[in-house]
Amino acid sequence: LQVSEPAGLTCQHVSKAVELNSVKKAVTGSLWSVCLDCMKERDVLEMEQVGTHDIRVCLKCGFQGCSQSESQHSVKHQQAHHSDSHCISISLSTWKAWCFECNEELSTHCNKKALAQTLDFLQKHSAKSASGTSKIIKLLEEPAEYADTQRRRSPVNSNLIPVKGITNLGNTCFFNAVMQNLSQTHMLNDLIQEVKDKGHKLKICPPPETNLGPLTVTLSGPEPLTSAMFLFLHSMKEPGKGPVSPKILFSQLCQKAPRFKGYQQQDSQELLHYLLDSVRVEESKRIKAAILKAFNNPTEKTADEETKRQVKAYGKEGVKMNFVDQIFVGELTNTIMCEECEHISTVKEAFIDISLPIIEERVSQHGRRSSTCHDERGPESPQKQEEDTCLVGRGLASCQVDTAASQSDASEKNSSPQDSSNDADSEASESESSSSANTSSHSPLVSAVSKLGLVHTPLDSLPLNHGTETPADREKERVSHQGAFQALSHSYTPASKECSVQSCLHQFTSVELLMGNNKLLCENCTERRHRQLRKSGAADKKTEKVYTSARKQMLISVLPPVVTLHLKRFHQAGMNLRKVNRHVDFPLILDLAPFCSASCKNLRSGERVLYSLYGIVEHSGSMRGGHYTAYVKVRTPQRTSEQPGPREAVSAPPGQWVYVSDTSVQTVPESRVLNSQAYLLFYEELL
């Protein structure tokens, strides 16, 4: 008698149709348990109906496709790659493998355990994946029939982006309020349409001094977090009811920034930084991979010096073309002048938002009112240097100035305890460097990128024009004495008791005198002293560092299309955090010219630089019991021709303000918006 072998042991396709390394690469670089074709087609309704049990993974290439919906993307994938042995796939619910050629289920013990090893990897990946739950999250909580009806209707104004509520996943109002504002950022929605798909062409034009012509590269598909954000923003602007669940996007963010896991109370401004910087990292990686591919993926060994130079030049220019930099990233210039030798140096830095201290009015024991700012800039403040490192916002580095106080305080600051209480949805949690949340891959591509000079520069350590700079690029540049502290227009003069965005910006950009413990360590004076000692024959003696009085000023040198202002309401008082509740007035139209440097790019002296308010994140309540909400302005996209001629009396563009608290959405008058306790303010450039 002949004993028949168990089903699956006779399959002859396993050796060619199972490639563990390809599966690992594809799965770790994609959203988990999501049909990739449904996502590419932005078929949100299809994804609503597809559960995790309907997803199959191709064991040849790692493609994830639906199998029990109308689309049948898993079957279509196998048919499209019939000649390349993409015939074996595995279910993410039953964990059973199936061969389309043999038309039977396979045993996971055949062919030297190749199938079993792949199964083991997929199960472990599913267990640790933040979004690897038993069911895919519904992106739109609405009946399919209703959505179909809405799709067939023509909206009254197709240019208006609707406002939908966002489901609170558990203490995630800090996240929802930010996403409401990003959803109403027109330029973000426009650029997403250009770069959302695989195959997008990007033309990189290096500066003339490189002697290199334009290079057109082809981008691969977006990385997981960016894909999830694209999908979320698409679902927010699609016709139909809400609320929208942000769980896929939030889960992807938690993989990049584990601090947001566990649904603890967090801070909206830190969330904005982590989200945009993490997307920026992914998009920079996408651009650099395309550049390397255009050069046939050279390595440190195979590339000659000229190839390395070209790759570096295109990479330096290319990474600045990511959509986050194009929309949100600007530049501040810190100018410092020694009062002794009048040597002037400038340090440039990038920003996603500008953090503004609030002057808090207090009543003294004698009944007199006094104004106190929590970023004291006077020479008597021993904490001045520490406060300056927070001027641009958490997660971003600001200009470091060596002072007498900073030298002695360095060890104390490194060991100071942080308050990490998380007992309210309003807690301003302790700062972390955003780069710590980004896990590095040691793939050949990343290795090649690193060795060829295309290293990603995180936003929290970004000097001089957001690129990868050489030491020579980072040298402090000499500038003339005239105009060193000159703004683009006349300085703004706040009223005596004014507390407004303009008065906060005035304080942020005012000239500061460094004296006493905050004197400047002047390298020029120190070097001059060293030369004098050499001439006198005392060169062998150790040269003491020379500290001098100095003037310092921070001005905006590059304005992005969207300027985000952060009002610093959470203040560290000893070991505790406290909230500044004072109302800050903010204008619907903001002129930023008084706060820009005279050399601000593409701007003429005396010109008004107008920005229009379109979004607010509000924090209401106290540190023990607060809540984040949003105000957004529904408006038509701007056209360049809308503001012709000189701008002497410009009014805010028409639109309807909407108040959103998680899933609650209601229209509100402009007066209510202006009375809100703003925490983040989103302004867009008036065209």
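From a predicted model like this one, the values you see are computed outputs, not experimental measurements. Position labels on residues start from 1 in each chain and follow its written sequence. Side-chain atom pairs in this predicted model are given and counted only at pLDDT of 80 or more, local residue features only at pLDDT of at least 70, and totals for whole chains, interfaces and linings cover all residues. Hydrogens are left out, water is left out, and the side-chain values use all remaining heavy atoms of the structure.

## A word on the overall build of the protein
Working step 1: Numbering goes from the N terminus for both helices and strands, where a helix is a DSSP run of H or I of at least four residues and a strand is a run of E of at least two. For the protein, the helix and strand inventory stands at 20 helices and 26 strands.
Working step 2: Split into buried and exposed, the 687 residues of the protein put 52% on the buried side. For every residue, the accessible area (1.4 Å probe, protein chains only) is compared with the maximum for its type, and the residue is labelled buried under 20%, exposed over 50%, or partly exposed between those bounds.

## Quick look at the confidence of the model for the protein
Working step 1: A residue-level look at the protein finds 70% of positions with pLDDT of 70 or above and a mean pLDDT of 75.
Working step 2: Scored from 0 to 100, pLDDT reflects the predictor's confidence in each residue. It only takes one pair of heavy atoms within 4.5 Å for two residues to be counted as in contact. Confidence drops under pLDDT 50 across residues 1-8; counting only partners more than four residues distant or on other chains, this segment forms 9 contacts.
Working step 3: This model gives residues 42-53 a pLDDT under 50, and the stretch forms 48 contacts once residues within four places in sequence are excluded.

## A few points about the nonpolar core
Working step 1: Only buried residues count toward a nonpolar core, which is a set of Ala, Val, Leu, Ile, Met, Phe, Trp, Tyr and Cys residues joined through side-chain atoms within 4.5 Å. Core analysis: the largest hydrophobic core is formed by 53 residues, its most contacted members being Met179, Phe260 and Phe323.
Working step 2: Cys504, Leu505, Phe508 and Ala678 belong to the second-largest nonpolar core, a separate cluster that totals 39 residues.

## Describing helix H6 (residues 114-128)
Working step 1: Across its 15 residues, H6 extends 22 Å between first and last C-alpha, which sits within 8% of the 21 Å expected from 1.5 Å per residue.
Working step 2: For H6, every residue scored as buried is listed here: Leu115, Thr118, Leu119, Phe121, Leu122, His125 and Ser126. For H6, the buried positions fall inside an angular range of 160 degrees around the axis, keeping them on one side. For H6, the exposed residues set more than 90 degrees away from the buried face come down to Lys124, Ala127 and Lys128.
Working step 3: Contact partners of the buried residues in H6: helix H2 (20-28), strand E1 (55-58), strand E3 (88-91), strand E4 (97-99) and strand E5 (104-106). In this scheme, a helix's expected span is set at 1.5 Å multiplied by one less than its residue total. It is the directions from the helix axis to the C-beta atoms that the arc portrays.

## What to know about the packing of helix H10 (residues 224-237) against helix H11 (residues 247-256)
Helices that pack against each other are described as a pair by the angle of their axes relative to one another and the distance between those axes.
Working step 1: Axes here mean lines fitted to C-alpha atoms, for a helix over just the part in contact, with angles spanning 0 to 180 degrees between N-to-C directions. The geometry of H10 relative to H11 is characterised by a closest axis approach of 9 Å and an angle of 155 degrees between their N-to-C directions. When the axis of H10 is compared with that of H11, the two are roughly antiparallel. Crossing angle aside, the handedness with which H10 passes H11 is left-handed. Residues Pro224, Leu225, Ala228, Met229 and Phe232 of H10 touch H11, and the partners they reach there are Ile248, Leu249, Gln252, Leu253 and Lys256. Angle categories: roughly parallel below 35 degrees, roughly antiparallel above 145, roughly perpendicular from 65 to 115, and oblique for all the rest. Left-handed is the label given to a crossing in which the near helix is rotated counterclockwise from the far helix by less than a right angle, and right-handed is the label when the rotation is clockwise.

## Comments concerning the pairing of strand E8 (residues 330-338)
Working step 1: Within E8, 9 of the 9 residues are buried, which leaves it mostly tucked inside the rest of the structure.
Working step 2: When DSSP locates at least two bridges between a pair of strands, those strands are taken to pair. Where E8 meets strand E9 (residues 344-351), 8 bridges bridge the pair, whose relative direction is antiparallel. Bridge pairing in E9 links threonine 335 to threonine 346.
Working step 3: What sits between E8 and E9 in their antiparallel hairpin is a turn of 5 residues, with glutamate 342 showing a positive phi close to 60 degrees.
Working step 4: As defined by bridge partners, E8 adjoins strand E17 (residues 550-558) across 8 bridges and the pair is classed as antiparallel. Looking at E17, one finds that threonine 333 is bridged to leucine 555.

## Quick look at the sheet that holds E1
Working step 1: Read across the open sheet, the 5 strands follow the order E2-E1-E3-E4-E5; overall the sheet is antiparallel. Where the open sheet ends on each side, the last strands, each with one partner, are strand E2 (64-66) and E5. Pairs of neighbouring strands in the sheet enclose a mean axial angle of 35 degrees, with direction left out of account.
Working step 2: Sheet topology note: the E3/E4 ladder contains 3 bridges and is antiparallel. In the sheet register, isoleucine 88 faces E4, and the bridge partner there is cysteine 99.
Working step 3: Across the sheet, helix H5 (residues 73-80) touches E1, E2 and E3, and the angle it forms with E2 is around 120 degrees.
Working step 4: The strands touched by H6 within the sheet are E1, E3, E4 and E5, with E3 carrying the most contacts at an inclination of about 40 degrees.

## Describing the packing of aromatic side chains
Working step 1: Aromatic pairing here means that ring centres of Phe, Tyr or Trp (its six-membered ring) are within 6.5 Å. Orientation follows from the plane angle: under 30 degrees is stacked, over 60 is edge-to-face, and everything else is tilted. Taken as a whole and judged by the stated rule, the model has 11 aromatic pairs.
Working step 2: Ring geometry for tyrosine 628 and tyrosine 679: centres 5.9 Å apart, planes at 50 degrees, overall tilted. Of this pair, tyrosine 628 sits in strand E23 (residues 626-634) while tyrosine 679 sits in strand E26 (residues 678-685); the two residues are 51 residues apart in sequence, bridging distant segments of the chain.
Working step 3: Overall, tyrosine 628 belongs to the buried group, its relative accessible area being 1%.
Working step 4: On the basis of relative accessibility, which here comes to 2%, the residue tyrosine 679 falls in the buried class.

## As for helix H12 (residues 268-294)
Working step 1: For H12, spanning 27 residues, the distance from its first C-alpha to its last is 39 Å, which sits close to the expected 39 Å at 1.5 Å a residue.
Working step 2: Of all the 27 residues making up H12, 23 are buried; the element is thus mostly covered by neighbouring parts of the structure.
Working step 3: Taking the backbone nitrogen of glutamine 269 as reference, a side-chain oxygen 3.2 Å away marks aspartate 267 as the first, capping residue of H12.
Working step 4: Looking one or two residues past H12, asparagine 296 carries a phi angle of roughly 60 degrees, positive in sign. The definition of a polar contact used here is a pair of N or O atoms within 3.5 Å, where within protein one atom must be able to donate a hydrogen and the other to accept one, and adjacent residues in sequence count solely through side-chain atom pairs.

## Observations concerning the pattern of salt bridges
Working step 1: Whenever Lys or Arg places a side-chain nitrogen within 4 Å of a carboxyl oxygen from Asp or Glu, that contact is recorded as a salt bridge. On inspection of all chains with the given rule, the structure shows 15 salt bridges.
Working step 2: Note that arginine 309 and glutamate 306 form a salt bridge whose closest N and O atoms lie 3.0 Å from each other. Here arginine 309 and its partner glutamate 306 are both found in helix H13 (residues 305-318), 3 residues apart, which amounts to about one turn of the helix.
Working step 3: Glutamate 306 gets classed as partly exposed once you look at its relative accessible area, which sits at 37%.
Working step 4: A salt bridge links arginine 635 to glutamate 684; the nearest nitrogen and oxygen atoms lie 2.9 Å apart. Linking arginine 635 in the loop between E23 and strand E24 (656-661) with glutamate 684 in strand E26, this pair joins segments that are 49 residues apart in sequence.
Working step 5: You can call arginine 635 buried: its relative accessible area is 4%.
Working step 6: Here glutamate 684 falls in the buried class, since its relative accessible area comes to 11%.
Working step 7: Each member of the salt-bridge network shares a partner with another, and the members are Glu527, Arg531 and Arg534.

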